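Read off the chains here:
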Amino acid sequence: MCWRPSAVRKGCPLWIRRPGQQLLQDRKIAELGVSDRYIQGKLKEPLPDGKSQFVTTRVDPQLADELKKYGVTYTGQVESTFLQDLLSWVVPVLIFFGLWTFLARRMSQGLGGGLMSIGKSKAKVYVESDTGVRFDDVAGVDEAKDELREVVEFLKNPERYSRLGGRMPKGVLLVGPPGTGKTLLAKAVAGEAKVPFFSISGSEFVEMFVGVGAARVRDLFEQARSRAPAIIFIDELDALGRARGIVPYAGGHDEKEQTLNQLLAEMDGFDSSKGLIILAATNRPEILDPALLRAGRFDRQVLVDRPDKKGRVDILRVHLRKAKLAADVDPEKIAALTPGFTGADLANLVNEAALLATRRGADSVTMDDFTNAVERIVAGLEKRNRLLNAKEREIVAYHEMGHAIVAVSLPGTDPIHKVSIIPRGVGALGYTIQRPTEDRFLMTREELENKMAVLLGGRAN
């Protein structure tokens, strides 16, 4: 006899076998319930272990006659399998939809938010002063800041500029080499004006599906209009606004052209008097489509060039605020060592100098740390483990002295800052560093010839 329902699943002995047959003969069974798979019943009196019910597997049809023989009441029962049948259908469906949702979510991460939001703009929105940047944080580009202050005044007080019939330019294009602070200037404009700032890169408009870029442009301008006054900033505009038809017979990129056409249409379709300004940045203005640069779109171009010596001093003072400096550190001297450096280069220079001071366990950053940081950035990492034999060191020394002797002998050349035969960078076994005493924007023929002579002096020696 099987006394547990689980015994039905394990295949218990038939009912006719012992001890069930003995209970039946002893007339201890009160009633039975017979289903198509098992039999369950109640005893007239509990057993010594306290059990008064039992369950066993289905037996042969002759059981009914034997039950009547012993006077046992029995009834037929139909087992309900509704829940089991329901789960057999629901569980596979749930597994399928769970797997489908997981795969769809993975695909949506690559498609920018899923199929339902693929046309939504990916612009990062900085509300009011969330940019955390002001004009005081931007140095070395005073002319560009003066141009953009007018944009800030317009966003704060648009009625002042429209009372005489004038209008602000719809778009302002920031042009300049990489690292000069174009993106920082755009954030500073938003921080000063305290208006929503929509920032997006030109490459984020273009996707694998045709029409997605144009939809994102529409969505971006709709969001900006709903929150005007606001600023739309498109970084790396050349990725989106490349001139159409540069190579007439090479075919075109329909997605890029549709995105550019939509941008041109949106710039024509909004009113700048509502307080919506478009800023864009690029370091390749020569490849932009002429339709972008015409009047009524990007009306104003602001040059953000490499800083001069005074600009480098101002930039250094901004970045040196966070460093713990020794008494001998002079921003003027550092600026003299870094002609041609951009704002990003100077920020990296201050960081490298601080790291060098940290490595040697100093309490503050000294002028020698800045000098070594300049050499590390210009010439590359010093490789003291690259040992040269005596003959190689002699050849490198003659070569570098050739540069130095010619530079000292010729008039109008930049003074020698340092000569070294310690390998640096990828392939330099030695180096000679010249530093100009002032920023130069023009060179005479004689100065160019002397510069070439200095470069060839190492080979001639």
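Note that the coordinates shown come from a computational prediction; the quantities given were computed from them, not determined experimentally.

Conventions we followed
- Residues numbered from 1 in each chain as written.
- Predicted model: local features only at pLDDT ≥ 70, side-chain atom pairs only at ≥ 80, totals over all residues.
- Heavy atoms only, no water.
- Phe/Tyr/Trp six-rings, centres within 6.5 Å; stacked < 30°, edge-to-face > 60°.
- Helix = DSSP H or I, 4+ residues; strand = E, 2+ residues; numbered from the N terminus.
- Buried < 20%, exposed > 50% of the residue type's maximum accessible area, 1.4 Å probe, protein only.
- Core = buried A, V, L, I, M, F, W, Y, C linked by side-chain atoms within 4.5 Å.
- Contact = heavy atoms within 4.5 Å.
- Patch = residues over 30% accessible without salt bridge, like charges linked within 9 Å, V, L, I, M, F, W, Y side chains within 5 Å.
- Areas by Shrake-Rupley, 256 points an atom, 1.4 Å probe, with all protein chains shown as cover.
- Salt bridge = Lys/Arg side-chain N within 4 Å of Asp/Glu carboxyl O.
- pLDDT = per-residue confidence, 0-100.
- 1 Å grid on protein atoms, 1.4 Å probe; cavity = no way out; pocket = protein on both sides within 12 Å on 5 of 7 lines; lining within 4 Å.
- Points joined across faces, edges and corners; volume = space filled by probe spheres on them.
- Pairing = 2+ DSSP bridges.

**A short note on the packing of aromatic side chains**
Each pair of aromatic rings is reported with the distance of its centres and the angle of its planes. Taken as a whole and assessed by the stated rule, the structure comprises 2 aromatic pairs. Centre to centre, the rings of Phe197 and Phe233 are 5.9 Å apart; their planes meet at 20°, and the pair counts as stacked. Taken as a pair, Phe197 in strand β7 (residues 197-201) and Phe233 in strand β8 (residues 230-235) lie far apart in primary sequence, 36 residues in all. Accessibility assignment for this pair places Phe197 and Phe233 in one class, buried.

**Let's talk about the nonpolar core**
Residues Leu148, Leu185 and Leu279 are the most contacted members of the largest nonpolar core, which totals 28 residues. When contributions to this core are tallied by element, the ones reaching two or more residues are α5 (142-156), β6 (171-175), α7 (182-193), β8 and β9 (276-282). Every residue in contact with Leu185, bar those within four places of it in the chain, is listed here: Phe135, Val138, Val141, Ala144, Lys145, Leu148, Leu174 and Val304.

**As for a nonpolar patch on the surface**
A contiguous nonpolar surface patch, about 970 Å² in accessible area, is contributed by Phe82, Leu83, Leu86, Leu87, Trp89, Val90, Val91, Leu94 and Ile95. With respect to the helices, strands and loops of the structure, Leu94 is situated in helix α4 (residues 82-110). Residue Leu94 is classed as exposed on the basis of its relative accessible area, which comes to 56%.

**Describing the confidence of the model for the protein chain**
Chain-level statistics for the protein chain give a pLDDT mean of 78 and a share of 80% at 70 or above. Confidence scores differ between elements of the protein chain, with helix α1 (residues 6-10) showing the lowest mean pLDDT of 39 and helix α13 (residues 343-359) the highest of 91. Contacts for the low-pLDDT stretch residues 1-18, under 50 throughout, to residues beyond four places or in other chains number 45 contacts. Below a pLDDT of 50 lies the segment residues 115-119, which in the model reaches 8 contacts outside its immediate sequence neighbourhood of four places, other chains included.

**Description of helix α11 (residues 309-319)**
Restricting attention to buried positions, one finds in α11 the residues Gly311, Arg312, Val313, Ile315, Leu316 and Val318. Turning to α11, the residues buried within the fold contact α12 (331-336) and α13.

**With respect to the layout of surface pockets**
Here the largest pocket defines a volume of roughly 900 Å³. Pro339, Asp414, Gln434, Pro436 and Lys451 are the residues nearest the centre of the largest pocket, which is lined by 30 residues in total. Of all elements in the fold, only α15 (390-409), β12 (431-434) and α16 (445-460) reach the threshold of two or more residues within the lining of the largest pocket. No other element matches the 5 residues that α16 contributes to the lining of the largest pocket. Counted as a void, the second largest pocket has a volume near 450 Å³. In this structure, the second largest pocket is lined by 26 residues; those nearest its centre are Asp137, Gly181, Leu184, His319 and Gly343. Elements with a contribution of two residues or more to the lining of the second largest pocket: α7, β9, α11 and α13.

**Here we look at the pairing of β7**
Of all 5 residues that make up β7, 5 are buried, and the element is covered over most of its length. Residues of β7 alternate between two faces, with Phe197, Ser199 and Ser201 on one and Phe198 and Ile200 on the opposite face, all of them buried. Of the strand pairs in this sheet, β7 and β8 are connected by 5 bridges, and their pairing is parallel. Bridge pairing links Ser201 to Asp235 in β8.

**Description of the pattern of salt bridges**
For side chains bearing opposite charge, pairing can occur when the charged atoms are close. Under the counting rule described, the total for this entry stands at 10 salt bridges. Ionic pairing is found between Lys418 and Glu375, a salt bridge with its closest N-O pair at 2.9 Å. Remark: Glu375 occurs in helix α14 (residues 367-379) and Lys418 occurs in strand β11 (residues 416-420); sequence separation between them is 43 residues. A relative accessible area of 29% places Lys418 in the partly exposed class. Of the residues examined, Glu375 reaches a relative accessible area of 2% and is grouped as buried. With a shortest N-O distance of 3.2 Å, Arg445 and Glu449 are connected by a salt bridge.

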